[in-house]
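Residue-level structure breakdown
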Amino acid sequence: MTTYYSNELAGTTTGLTETPAVGVRPSAEKGYFARLKLFRATITFAAQAAGSTFVLANVPAGMSFVSGNVVTTDSTASAKFSIGTAASVAKYRAAAVLTSTNSPTAFGLRNITAGAYSAEETVILTVSNDAALPASGTLVVDLICASAN
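Cut-offs and rules
Residues numbered from 1 in each chain as written. Predicted model: local features only at pLDDT ≥ 70, side-chain atom pairs only at ≥ 80, totals over all residues. Heavy atoms only, no water. Buried < 20%, exposed > 50% of the residue type's maximum accessible area, 1.4 Å probe, protein only. Helix = DSSP H or I, 4+ residues; strand = E, 2+ residues; numbered from the N terminus. Pairing = 2+ DSSP bridges. Core = buried A, V, L, I, M, F, W, Y, C linked by side-chain atoms within 4.5 Å. Contact = heavy atoms within 4.5 Å. Phe/Tyr/Trp six-rings, centres within 6.5 Å; stacked < 30°, edge-to-face > 60°. Axes fitted to C-alpha atoms, helices over the stretch in contact; angles between N-to-C directions.

1. Structural notes on the pairing of strand 8 (residues 138–147)
Across the ten residues of strand 8, eight count as buried, placing the element largely inside the fold. Note that strand 1 (residues 35–44) and strand 8 share ten bridges and pair antiparallel. In the sheet register, Ala41 faces strand 8, and the bridge partner there is Val141. As paired strands, strand 3 (residues 64–72) and strand 8 are joined by eight bridges and run antiparallel to one another.

What follows is the structure, encoded as structure tokens:
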């Protein structure tokens, strides 16, 4: 059987190599040898109107997004929400309802090769124009980012 090396160990962008690079190519952009940091945002539902936005985190420059989780105590019913930035509201999570309660739902980048932020990244949650959020309950959003230090 052939042994292949990950992109990070191979020092390539394809990983289609059978020869490891000399040493590892540590990179916060790829998450290898990086320290993970959690940014938690808690939102109390109070029938916030469709179109509302919530600032979830201000992620420092030099970090890169790895993944995220959302969990809610109450279904959002027909209210959809996305997670992203002002420039790209669905950068991390496309607009969708969250009907599973007390069960983490993972989300992530559409472009997994995105690198470290060159400037602070303000991550927001945007309620779509479909419906208002529920009148009660709690939503927790965890953003997991990598840092070289």
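2. Structural notes on the nonpolar core
Within the largest apolar cluster, 28 residues are counted, with the highest numbers of intra-cluster contacts made by Leu56, Ile83, Leu125, Leu139, Val141 and Leu143. Counting only elements with at least two residues in this core, the list comes to strand 1, strand 2 (53–59), strand 3, strand 4 (81–84), strand 7 (121–127) and strand 8. The residues touching Leu56, leaving out its near neighbours within four places in the chain, are Ala41, Ile43, Ile83, Val123, Ile124, Leu125, Val141 and Leu143.

3. A word on the packing of aromatic side chains
Scanning the model with the defined rule gives two aromatic pairs in all. With a centroid separation of 4.3 Å and an interplanar angle of 35°, the aromatic rings of Phe65 and Tyr92 are classed as tilted. One end of the pair, Phe65, is in strand 3; the other, Tyr92, is in the loop between strand 4 and strand 5 (93–96), with 27 residues separating them in the sequence. Comparing Phe65 with Tyr92, the two get one shared label, buried. Ring plane angle 20° and centroid distance 6.2 Å describe the contact between Phe65 and Phe107, whose orientation is recorded as stacked. Of the two residues, Phe65 sits in strand 3 while Phe107 sits in strand 6 (residues 105–107), which places them 42 residues apart along the sequence.

4. Overview of unusual backbone geometry
The phi dihedral of Ala47 is positive, around 55°, even though this residue is not glycine. Within the secondary structure, Ala47 sits in the loop between strand 1 and strand 2. Notably, Ala77 is not glycine yet its phi reads approximately 55°, a positive angle. Among the structural elements, Ala77 can be located in the loop between strand 3 and strand 4.

5. Let's talk about the sheet that holds strand 6
Strands sit in the order 1-8-3-6 across an open sheet of four strands; the sheet is antiparallel. Each edge of the sheet is formed by a strand with only one pairing partner; in this case those strands are strand 1 and strand 6. Sheet twist, expressed as the average angle between the axes of neighbouring strands with direction ignored, equals 20°. Judged from the three bridges that link them, strand 3 and strand 6 form a sheet pairing that is antiparallel. Within strand 6, the residue paired with Val70 across the bridge is Thr105.

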